[in-house]
Amino acid sequence: MKLAPLLLALSVTAAALEGQAPNVGVSPARPAPGAIVRLTLDGAPRGGDSVINVTGTRAGEPLHFVTAGSQTWRALGAVPIDGTDKVR
């Protein structure tokens, strides 16, 4: 088995996927405990692909994303009152 074609295919695939990475934003950037935050997912795949559903959780609670444009999804989430400086 020749490795050169395999390595070339992997590098081309990795480069193509890197350009498709969406951006996730949180507003406000440094929310206080108990605050409501808006999560924004920008940059849905291009080139004929479409996103039909986005799911996720914040602090163990489900997020409900809604479309806010052709390539943008938004959800509201809460920061726990007893939250620390890191929320998963």
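See the structure shown above.
Residues numbered from 1 in each chain as written. Predicted model: local features only at pLDDT ≥ 70, side-chain atom pairs only at ≥ 80, totals over all residues. Heavy atoms only, no water.

Let's shift gears to the overall build of the chain. Scanning the chain from N- to C-terminus turns up 1 helix and 6 strands. Walking the chain from its N terminus toward its C terminus, one meets helices and strands in the order α-β-β-β-β-β-β. Every one of the 88 residues in the chain was classed for burial, and the buried ones make up 17%. Considering only residue pairs separated by 6 or more positions, the chain has 45% of its internal contacts joining residues 24 or more positions apart. (Helix = DSSP H or I, 4+ residues; strand = E, 2+ residues; numbered from the N terminus. Buried < 20%, exposed > 50% of the residue type's maximum accessible area, 1.4 Å probe, protein only. Contact = heavy atoms within 4.5 Å.)

What follows concerns the pairing of strand 4 (residues 61–64). Bridge count between strand 3 (residues 55–58) and strand 4: 4 bridges; the pairing is antiparallel. Across the sheet, residue Thr-57 finds its bridge partner in strand 4, namely Pro-62. Hairpin connection from strand 3 to strand 4: 2 residues lie between these consecutive antiparallel strands, with Ala-59 at a positive phi of about 55 degrees. (Pairing = 2+ DSSP bridges.)

Within the element layout of this structure, Phe-65 appears in the loop between strand 4 and strand 5 (66–67). As for Phe-65 and Leu-76, which are separated by 11 residues in sequence, their C-alpha atoms are 7.9 Å apart. Among all residues touching Phe-65, those that are not within four sequence positions of it are Leu-39, Val-54, Thr-55, Gly-56, Trp-73, Arg-74 and Ala-75.

Residue Pro-28 follows Ser-27 across a cis peptide bond; omega there is 0 degrees. Relative to the elements of secondary structure, Pro-28 occurs in the loop between strand 1 (23–27) and strand 2 (36–42). Backbone geometry places Ala-59, a non-glycine residue, at a positive phi of 55 degrees. On the accessibility criterion, Ala-59 (32% relative accessible area) is partly exposed.

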